[in-house]
Amino acid sequence: MQQSVISKLKSIVGKEDILTSKISREVYSYDSSPFIFEPDVVLFPESLEEVVEILQIAEKDAVPVVPRGAGTCLSGGAVPLNGGISLVLTKMTKILEVDTVNETALVEAGVPNLTLQKELQPVGFMFAPDPASQKVATIGGNVAECAGGIKGVKYGVTKDHVLGLEIVLAGGTVIHTGALAPAERFTPDLTGIFSGSEGTFGVITKCLVKLTKNPEAVRTMMAVFGSLDQAGEAVSTIIARGIIPTTLEIMDKNQLRAVDDFLHLGFPREAEAVLLLEVDGYEVEIDRQVDTISGIFQEKQASSVQRARDDAEREKLWLARRSGNGALGRIKPAYMVQDVTVPRHKLPEMLRFVSEMSNKYNIIITQMAHAGDGNLHPHLLYEPNDTEEYERVEKASREIFQKAIDMEGTLTGEHGIGLEKLPFMKMQFTQADLNFMEKVKRALDPNLSLNRGKVLEL
């Protein structure tokens, strides 16, 4: 990048909010995926006006821009494939309004998910999407990737909780969508097309999100099974009998042992699969659901069923689930994690198939799943310096993606397409579908300056 352009950018954000050194740019060359591409400059805007001016200069000087939040993306969506500007929004952290009457919150894009949850807890509300990275993942990033989380089976993903957005388009034009736009009831759902667009359509600067009242009562259970099949069948049966749990998570034996070695929580090491389940609702009705679920666990031959007796036991169970990714570092230093999603009744078949891939390619694959919505997270473990092993991981990944599509599933349930799944888009979509997506992209970003090379091969 020319020094004259860097000087103009520095004049916008000030010397405290621009990084140009080699080591600083390396820090922002990756996200939580295996992909690494270095930006030319890293900027930390603190206002809408600064974002507008940055995008005006980027357009005029033909500089690529990749917006990012905390960089927890697992598919490579936040890495600067073509260099240019890494536009980091983590200094836009104002919670502008919490409206408990209309059940909304207006926040800047860089507010971490957990910060918003802590703000809402005392007034009896939550923001339902809760990705595992919620301690640092930003609301803007959640919207851009359409993040999910363990409560997705009951409450849906991020796009189900976004009411309106403030967005800066390529070139610096500011637009408002949904409930942030005048006469929003009479316009198409423009908010929807930005949810999950991965920063390819515009830079999200403010989000109006829907709040959900905290439930009156919560019950948490853990069931141990002798096979992944039994656990998967229990999931299908629970839903088929009309119960929608808040969370319904499967962990396989490899995952469970890694977590127990890390946290020493005393989980059953002989288990082939564990199902963590939580239901919420009114106090008068919730125990009847728990009794029904216990009966289903018995039908599916669970070897043991445990109910959390208090908040401390509940936290212990969920600590195990939330520590899953980090604990895998005890087995291998790197992993590729997928988020393929299949129809719920096909979950047992998909779990079996992933296990077969582990044997076929002689690699370690651990399995976690947001089982209630058929969203699998197979972690394919490898040594970064072992190129032959990495090639086997890539081959196994391809087969898993293909199998999910063959089963009428999807490439992604919550991690986005990014760079990871780009080669597989033609498997999922027709050429007409892809052509339409390209038309939308070019209409919003004619010079392809925003996060080019993600989602679509352009």
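Only a predicted model underlies this, so the values are computations on that prediction, with no experimental measurement involved.

(A) Just the overall build of the protein chain, in detail. Each helix and strand in the protein chain was counted, giving 16 helices and 18 strands. Across its three principal directions, the C-alpha atoms of the protein chain cover 70 × 60 × 45 Å. With 458 residues in all, the protein chain has 55% of them scored as buried. Considering only contacts within the protein chain whose residues lie at least 6 apart along the sequence, 71% involve residues at least 24 apart. Per element, the accessible surface of the protein chain, about 19500 Å² overall, is 50% carbon and sulfur.

(B) Focus on helix H10 (residues 283-299). Helix length check: H10, at 17 residues, gives a terminal C-alpha distance of 26 Å against a target of 24 Å (1.5 Å per residue), a fit within 8%. If you follow the buried residues of H10, they end up packed against strand S12 (217-225), helix H8 (228-240), strand S14 (273-281) and strand S15 (304-307). The positive-phi residue at the C-terminal boundary of H10 is Gln301, with phi of around 65°.

(C) Representation of the nonpolar core within the structure. Membership of the largest hydrophobic core comes to 56 residues, with the highest contact counts inside it found for Ile250, Phe297, Met350 and Leu376. Those residues within four positions of Phe297 in sequence are excluded, and the remaining contacts are Met221, Ala223, Phe225, Ala234, Ile238, Leu275, Leu277, Ala302 and Val305. The next biggest cluster of nonpolar side chains, apart from the first, holds 26 residues, and it includes Leu48, Leu55, Ala58 and Ala170.

(D) Structural context of the sheet that holds strand S6 (residues 104-108). Reading across from one edge, S5-S6-S10-S8-S9 is the order of the five strands in this open sheet, with antiparallel pairing throughout. At either margin of the open sheet sits one strand with a lone partner, and together these are strand S5 (95-99) and strand S9 (174-178). Here the average twist between neighbouring strands, direction ignored, is 10°. One ladder, built from six bridges, connects strand S8 (residues 162-168) with strand S10 (residues 203-210); its direction is antiparallel. Within the sheet, the bridge partner assigned to Val162 lies in S10 and is Val209. Packed onto the sheet, helix H3 (residues 48-60) meets S8, S9 and S10 and runs at close to 50° relative to S8. The sheet strands contacting helix H4 (residues 113-120) are S5, S6 and S10, and the helix crosses S5 at an angle near 40°.

(E) Local environment of the pattern of salt bridges. What the rule picks out here adds up to 25 salt bridges. With a closest N to O distance of 2.7 Å, Glu38 and Arg25 form a salt bridge. Taken together, the residues span a long stretch of sequence, with Glu38 in the loop between helix H2 (22-27) and strand S2 (41-43) and Arg25 in helix H2 at a distance of 13 residues. We note a salt bridge from Glu278 to Arg314, for which the minimum N-O separation is 2.9 Å. Here the residue Glu278 occupies a position in strand S14, and Arg314 occupies one in helix H11 (residues 311-322), the gap between them amounting to 36 residues.

(F) Looking closely at the environment of Gln121. For Gln121, the location among the structural elements is in the loop between H4 and strand S7 (125-126). Distance from Gln121 to Asn214, taken between C-alpha atoms, is 8.0 Å for residues 93 residues apart in sequence.

Rules used in this analysis
Residues numbered from 1 in each chain as written. Predicted model: local features only at pLDDT ≥ 70, side-chain atom pairs only at ≥ 80, totals over all residues. Heavy atoms only, no water. Helix = DSSP H or I, 4+ residues; strand = E, 2+ residues; numbered from the N terminus. Buried < 20%, exposed > 50% of the residue type's maximum accessible area, 1.4 Å probe, protein only. Contact = heavy atoms within 4.5 Å. Areas by Shrake-Rupley, 256 points an atom, 1.4 Å probe, with all protein chains shown as cover. Expected span 1.5 Å × (residues − 1). Core = buried A, V, L, I, M, F, W, Y, C linked by side-chain atoms within 4.5 Å. Pairing = 2+ DSSP bridges. Axes fitted to C-alpha atoms, helices over the stretch in contact; angles between N-to-C directions. Salt bridge = Lys/Arg side-chain N within 4 Å of Asp/Glu carboxyl O.

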